[in-house]
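For reference, the chains in residue letters:
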Amino acid sequence: MTKPVKISIRNLYKIFGDDPQHALKQVQAGKSKADLLNESDHVLGLRDINVDMKDGEITVIMGLSGSGKSTLIRHLNRLIDPTSGEVLVNGEDIMSWDESRLRGLRRQTMSMVFQKFALLPHRTVLENAGMALATQGLKQQEFETEATKWLERVGLAGYGSQYPHQLSGGQQQRVGLARALTSNSDIMLMDEAFSALDPLIRTDMQDLLLELQAELKKTIVFITHDLDEALKLADHLVILKAGAIVQQGEPQHILLNPADPYIEQFVADINRARVLRVRSVMTKGAPEGKVCGDIAASDNLESVISRARGALDRRFRVMEGDTPVGSLTMADLMLALVPREARIPA
Amino acid sequence: MATYDGLFDTLGLRSWCDSGDGGGPMSMADLLAQTGGSGDGGSGRLPFPSLDSLNDACAAFPQSRDLTVGLEEGFLSIRDPLRAIVDPLTQPLSWMLNGTLNIMTTTPWFIMIPLLMLISWCVGRSWKIVGLVAFGLGLLAFVDYYDYAMQTLAIIFVCAFICVLFGVPIGIAMSRSDRLQRVAIPVLDMLQTLPPFVYLIPLIFLFSVTEPKLYGIAVILYAIVPVVRLTDLGIRLVDKDVIEAADAFGMTKRQKLFGVQIPLALPNIMAGVNQTIMMSLAMVVIASMVSAPGLGILVLRGIRNLELGVGLIAGLGIVILAVLLDRVTKASLARIDSSQSSR
Ligand SMILES: Nc1ncnc2c1ncn2[C@@H]1O[C@H](COP(=O)(O)OP(=O)(O)OP(=O)(O)O)[C@@H](O)[C@H]1O
Ligand SMILES: [Mg+2]
């Protein structure tokens, strides 16, 4: 069931300043970001990042503003070069690649969606969507069918001859998405792609992305500072703080076992009933004795509560497809809704 | 006795002073003092220790006149080698000016005026502008200033074309290199603030007054500044996010320059072209002092011979040309702006 690793980041450090190598030694010796800034005027962008991003999964990188998310994602296509460390794509270290090979990577293997859309204002929607192919030297007639197909797919059929400024923000980002999809790259990098959109449009775009992903199975690296969005999209969640990873893993696992107060704070305000799935809180093993019904492992707790009509003395059998995989009592369920730091030791 | 005698005496430089040839020409102040008969000019007031007053006290000091004369001699001594290099390099400019002047004045008006109207249509895409051009040129032709106007226009077309030809690449280079920008900006500042007449002085020494390139160079040097500046600025102002997107999709430097940077900087570049054209017009009038043909000659005649009417109408003609050139270029600017207003 484990998927192959598509992108792998190894011991990545990034320091902004005049003499990053010298600062690197100090950082590796344990100097903090604040000390480094005060004493030598260097900014610690990233510290010892190790992440494996699996093929066909959405890896979400989350953190507050300034935590280094954008810096990290720009290392994947080398818009930024690291101070030390390596980035492996399909097992190859792209740090050793020359300019033309790197260009090939950016044209064919990775595409990017930006927070501020970054469309070309003087080109039509169609030309924008076909930008990756046009960059590879294709003429408009040659990329037109492909670009039109993806524009239709993101819900912009018929907008091809408009200019970006004639579209709303949400529509512009759809063009941004179509532009990334038209390149037919395996990997999509999305830097706060939906952050500039209003909440309803944002939800639409998330649904669209999930729908496309179910079909296309790309490797997506998605950046956000919004936990709800992260939990909705992530197969693998990486939480950054001040340039370092505080915790990474399966989102449900992080939610139930936050590794540090920073993350506990983050997850405190979340609607746990809607986010947590039965799978993460059930007791494993086919149940013995009486149960009052079957629920699916992928159901969220909210739906189970409504299934039980609020009664607390129920016990359900959990099914993964047709096989029973565990059981869940309402008591366990209710307990899982309480964040760990709010629990009173039994 | 001169004011600063004591200074040189106390410094023990008297013998060095006297070793200089004492017999330099008198400075202007000396001359005035003599004719005015007021005797010792230094009495009561302390003159600034300028070259002239120091020379009074110590003959080894140069007079300020020596400075200007030295500059002139220095220039004259490098004139011939300089001319040997610059002359052939700028010869095409003379040809272009002569050729264009020739074409624009010999083509009959019933071809030329429609042609200019066509050009303004292509550039501005506005019937109002075309009408304005027809009206303005018609007015000038009606008062028999057509030939002069065509000469002025010919010079402006050639010079503005060359300004764009060199100015845009220079601006692009500046936008790419901070070092070049640091060097170029003071030069541009100087070109822009130097009074227009000053350009003419060294050029008169360098070329003969009858050559068209003399005024051509003066016009170009004066008018190239805005297009360089605004190209540089325009490219630097291109949205960083869009540039990043271009990089992220693997554009080469060339694709980025021609596909993204220049198109997005075009409104600024066109604003620069507009200013360049207006400044060429201003300079072409001044350059009539060094035989640039056109309406400027008439203005000059108005001043020299006190022909009030000629001068005024020629001046008005220049205003008409200025308005036409400005409106046509502005119309094209507006067209670019509206077709790519970014948000
Ligand atoms: N070119 C640079 N020079 C100096 N410091 C930089 C540079 N780029 C980023 N930084 C610093 O690196 C840190 C991380 O920046 P980054 O843009 O990656 O944050 P972010 O997590 O994307 O924040 P946001 O959510 O606001 O986009 C910040 O402290 C920032 O000041
Ligand atoms: Mg960011």
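Residues numbered from 1 in each chain as written. Chains lettered and ligands numbered in written order. Predicted model: local features only at pLDDT ≥ 70, side-chain atom pairs only at ≥ 80, totals over all residues. Heavy atoms only, no water.

An unreviewed UniProt entry lists chain B under the name Glycine/betaine ABC transporter permease, with Puniceibacterium antarcticum as the source organism. Its UniProt record, at the heading Sequence similarities (unreviewed entry), says of chain B: "Belongs to the binding-protein-dependent transport system permease family." Turning to chain B, the UniProt record has this under Subcellular location (unreviewed entry): "Cell membrane". (UniProt positions renumbered as here; feature names shortened; annotations may be inferred.)

Under an unreviewed UniProt entry, chain A has the name Quaternary amine transport ATP-binding protein and belongs to Puniceibacterium antarcticum. Checking UniProt for chain A, the heading Catalytic activity (unreviewed entry) contains the comment "a quaternary ammonium(out) + ATP + H2O = a quaternary ammonium(in) + ADP + phosphate + H(+)". The UniProt entry for chain A carries the following text under Subcellular location (unreviewed entry): "Cell inner membrane".

Side note on unusual backbone geometry
Only a minority of non-glycine residues have a phi that is not negative, and only a minority of peptide bonds are not trans. One non-glycine residue, N11 of chain A, adopts positive backbone phi at about 45°. Take N11 of chain A: it is sitting in strand 1 (residues 5-16). In this structure, S291 of chain B takes a positive phi of about 70° despite not being glycine. Mapping S291 of chain B onto the fold places it in the loop between helix 13 (253-286) and helix 14 (295-304). (Helix = DSSP H or I, 4+ residues; strand = E, 2+ residues; numbered from the N terminus.)

Let's talk about the environment of A242 of chain A
Residue and element names in this part refer to chain A. Along the polypeptide, A242 turns up in the loop between strand 9 (236-241) and strand 10 (244-249). Of the residues examined, A242 reaches a relative accessible area of 37% and is grouped as partly exposed. Linking A242 and K69, residues 173 residues apart in sequence, is a C-alpha distance of 9.6 Å. (Buried < 20%, exposed > 50% of the residue type's maximum accessible area, 1.4 Å probe, protein only.)

Some thoughts on the packing of helix 11 (residues 212-237) of chain B against helix 13 of chain B
Geometrically, a packed helix pair is captured by the angle between its two axes and the distance between the axes. Residue and element names in this part refer to chain B. Where helix 11 contacts helix 13, the two axes come as close as 7 Å, and the packing angle between them is 155°. In terms of axis orientation, helix 11 runs roughly antiparallel to helix 13. The interaxial crossing formed by helix 11 with helix 13 has right-handed handedness. Classifying every residue of the contact of helix 11 with helix 13 by side-chain character gives 18 nonpolar, 8 polar and no charged. (Axes fitted to C-alpha atoms, helices over the stretch in contact; angles between N-to-C directions. Parallel < 35°, antiparallel > 145°, perpendicular 65-115°, else oblique. Left-handed = near helix turned anticlockwise from the far one by under 90°. Nonpolar A, V, L, I, M, F, W, Y, C, P; charged D, E, K, R; others polar.)

So, the nonpolar core
Counting residues in each nonpolar core, the largest one holds 115 residues, and the members touching the most others are I7 and L76 of chain A. A total of 15 residues in this core trace back to one element, the largest contributor, which is helix 8 (residues 146-176) of chain B. Each residue touching I7 of chain A, except ones within four places of it in the same chain, is listed here: V51, D52, M53, L76, V87, L88, V89, M110, I187 and V221 of chain A. Core analysis: the second largest hydrophobic core is formed by 64 residues, A147, V154, A193 and M282 of chain A among them. (Core = buried A, V, L, I, M, F, W, Y, C linked by side-chain atoms within 4.5 Å. Contact = heavy atoms within 4.5 Å.)

Overview of the interface of chain B and chain A
The interface is formed by 22 residues belonging to chain B together with 25 residues belonging to chain A. Summing both sides of the interface, chain B and chain A together bury roughly 1,900 Å²; the carbon and sulfur share of this comes to 65%. Area buried by chain B at its contact with chain A is led by E244, A248 and F249 of chain B, which between them contribute 34% of it. The salt bridge partner of R74 of chain A is E244 of chain B, with a shortest N-O separation of 2.4 Å. Only helix 12 (240-248), helix 13 and helix 15 (308-339) of chain B provide two or more residues apiece to the side of chain B that touches chain A. When residues of the side of chain B that touches chain A are assigned to their parent elements, the largest contribution, 7 residues, is made by helix 12 of chain B. Broken down by class, the residue content of the side of chain B that touches chain A amounts to 9 nonpolar, 9 polar and 4 charged. (Buried area = accessible area lost by both parts, 1.4 Å probe. Salt bridge = Lys/Arg side-chain N within 4 Å of Asp/Glu carboxyl O.)

Examining a nonpolar patch on the surface
Residues and elements named next belong to chain B. Where nonpolar side chains cluster on the molecular surface, the patch consists of M96, F161, L165, F166 and I170 and spans about 480 Å² of accessible area. Top element by residues in the nonpolar patch is helix 8. It accounts for 4 residues. When you line up the elements, L165 lands in helix 8. (Patch = residues over 30% accessible without salt bridge, like charges linked within 9 Å, V, L, I, M, F, W, Y side chains within 5 Å. Areas by Shrake-Rupley, 256 points an atom, 1.4 Å probe, with all protein chains shown as cover.)

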